[in-house]
Amino acid sequence: MSRWSAGSTPGSVKPVYGARYPPLQHASPTKGADIPGRISKFRDYENSVSDAWDTRVKVDETLASASAAKVLAAHAAGKTTRDEEIMPPVSAAPTKNSRQQALQRLAIQKEPLPSSVSATPQTANPIYPKLPEISDQPRSAAPIASAPPYGGDRDQTRFARLRRLFSNGKSSGRSSPPVDVDLDKLREDCWMGIPHKLRPQAWRLLSGYLPTNAERREVTLQCKRDEYWHYVEQYFHSRFEDQNADTFRQINIDIPRMCPLIPLFQQKMVQEMFERILYIWAIRHPASGYVQGINDLVTPFFVVFLSEFIPQDVEVGSFDVSQLPLEQCQLIEADSFWCVSALLDSIQDNYTFAQPGIQRKVLQLRHLMSRVDRPLHKHLESNGIEYLQFAFRWMNNLLMREIPLRATIRLWDTYLSEPDGFMQFHNYVCAAFLRTWSKQLQAEKDFQGVMILLQNLPTQSWGDREICELTADAFSLQSVFDGARRHLSAQAASP
């Protein structure tokens with residue numbers, strides 16, 4: 001006779017009830033002894049709600065209509081929050097089960113998942129950041145008075161300027177020609193976050209992908225998109241040749257691991273787009289070639305340019321890209337390639353042999369922390385923590401592994417608005433980011449505790465507010481230390 005009871009499966013796990021998952025009913029000392037009591041309780045409940053089924057009870061239609069109107073008004077008012085306008089709708093706060101499923105997927109996946117994502121549950125925190133038309137949320141003051149303004153009428157004013165810049169007269173029903181862009185003014189208006197409807201065009205301009213001259217803009221855009229597909233036609237067939245096979249094999253390994261909790265990036269069509277982007281970039285940059293981590297840097301651009309072609313209320317993280325026309329997919333792919341190329345050109349020494357750019361930035365971060373938070377710096381050193389052990393990933397992936405994708409997109413609004421955002425300002429952001437956890441890190445008393453916290457910082461719910469505070473702190477550090485360095489340089493150069 002089988003040792004397994006009927007209806008059970010060898011190796012199956014029975015649910016264990018605890019504080020989080022209590023049993024549906026408490027066990028009785030004697031089976032059936034409490035049945036009369038339960039019947040009595042049910043009858044009491046039935047009598048208390050019996051009028052709900054009584055058709056003679058009259059409903060006050062005026063009161064009901066007024067209550068419904070209040071609910072609708074409250075719901076409409078809730079749509080004007082700053083986070084919903086700036087923070088992008090991409091899933092970023094998975095449940096415990098979805099995290100386990102993603103880890104299992106990484107362990108056994110050999111082929112990309114099918115593009116269908118209809119069964120994926122929606123989550124409360126989308127990945128694509130949105131900003132409101134008007135920010136009514138109170139906010140603490142920035143660390144220094146010269147930091148870019150935040151909130152209220154100032155947000156409303158700069159949003160209006162950005163809308164006028166990108167509307168080209170369409171909102172008034174006229175067809176006015178596009179205008180030249182003052183790049184310094186655009187950077188100032190975008191530093192504190194860009195409304196999601198305007199973000200794609202703003203990022204193209206801030207990346208240097210589009211010229212600021214209005215007359216050259218459309219021609220340049222079309223030429224660059226055609227040029228990318230010419231590269232694909234010219235080089236992509238060589239991916240299986242001996243000299244390129246290792247590069248393409250590594251790309252194939254990394255892409256399925258990319259954002260495993262976001263269904264968008266597990267679609268076969270999306271993964272094929274990333275294969276072309278990364279392989280063409282590697283072929284055109286033989287000094288560094290493809291390095292693990294570069295694949296992550298494509299994702300923000302891809303999400304932003306994808307958002308341009310889907311309805312505003314659609315969750316980007318679970319959107320099925322195969323629903324888009326092929327022409328739109330090609331535009332998204334080409335734009336993502338050129339913008340990530342511009343980013344990587346500014347930090348290419350991060351990925352050349354021995355990665356000297358990252359080594360230098362980690363040393364700069366260590367020096368900076370010894371000045372701005374000496375107790376934390378000493379605490380890390382006393383516990384044998386080397387900055388390279390945790391900050392290498394911060395520099396290699398630009399903090400993308402530390403904060404949600406929606407927060408990364410919002411942070412890149414600021415990076416793209418800084419002249420040297422990814423190369424220089426990022427270092428001050430890392431210092432501000434480390435200072436954010438100073439008390440928690442100093443509360444850990446050994447190497448293991450500090451490293452576990454550094455590798456699992458609680459940023460899952462981060463949004464616009466946290467990024468604004470982070471960049472304001474980084475802005476203050478840059479103003480003090482970068483200005484001092486320039487002052488000392490000028491003194492040394494003077495006779």
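Residues numbered from 1 in each chain as written. Predicted model: local features only at pLDDT ≥ 70, side-chain atom pairs only at ≥ 80, totals over all residues. Heavy atoms only, no water.

## As for the overall build of the protein chain
Stage number 1. In terms of helices and strands, the protein chain carries 20 helices and 0 strands.
Stage number 2. Burial status across the protein chain gives 45% buried among its 495 residues. (Helix = DSSP H or I, 4+ residues; strand = E, 2+ residues; numbered from the N terminus. Buried < 20%, exposed > 50% of the residue type's maximum accessible area, 1.4 Å probe, protein only.)

## Topic: the packing of helix α7 (residues 199-206) against helix α16 (residues 405-417)
Stage number 1. Closest axis-to-axis distance for the α7/α16 pair is 10 Å, and the angle between their directions is 35°. Crossing hand, α7 versus α16: left-handed. Contact residues: α7 offers R199, W203 and L206, while α16 offers I409, W412, D413, L416 and S417.
Stage number 2. For the contact of α7 with α16, the residue count by class is 5 nonpolar, 1 polar and 2 charged. (Axes fitted to C-alpha atoms, helices over the stretch in contact; angles between N-to-C directions. Left-handed = near helix turned anticlockwise from the far one by under 90°. Contact = heavy atoms within 4.5 Å. Nonpolar A, V, L, I, M, F, W, Y, C, P; charged D, E, K, R; others polar.)

## What about the confidence of the model for the protein chain?
Stage number 1. Overall, the prediction assigns the protein chain a mean pLDDT of 78, with 65% of residues at 70 or greater.
Stage number 2. Below a pLDDT of 50 lies the segment residues 51-55, which in the model reaches 1 contact outside its immediate sequence neighbourhood of four places, other chains included.
Stage number 3. With pLDDT under 50 throughout, residues 102-123 is counted as low confidence; its partners more than four residues away or in other chains account for 34 contacts. (pLDDT = per-residue confidence, 0-100.)

## Structural notes on the packing of aromatic side chains
Stage number 1. Evaluation of the coordinates by the stated rule reveals 27 aromatic pairs.
Stage number 2. Seen from their ring centres, F236 and Y279 are 5.9 Å apart, and the 80° between their planes marks the pair as edge-to-face. On the criterion of sequence distance, the pair formed by F236 in the loop between α8 (214-235) and α9 (242-254) and Y279 in helix α10 (residues 268-284) is long-range, its members being 43 residues apart.
Stage number 3. Since its relative accessible area comes to 0%, Y279 is described here as buried.
Stage number 4. Ring centres of W437 and W462 lie 6.0 Å apart, and the angle between their planes is 20°; this geometry places the pair in the stacked category. (Phe/Tyr/Trp six-rings, centres within 6.5 Å; stacked < 30°, edge-to-face > 60°.)

## A look at the side chain of D296
Stage number 1. Inspection of the secondary structure puts D296 in helix α11 (residues 294-307).
Stage number 2. Relative accessible area serves as the criterion here: at 5%, D296 is assigned to the buried category.
Stage number 3. Residues within four places of D296 in sequence aside, it is in contact with M258, N397, M400 and R401.

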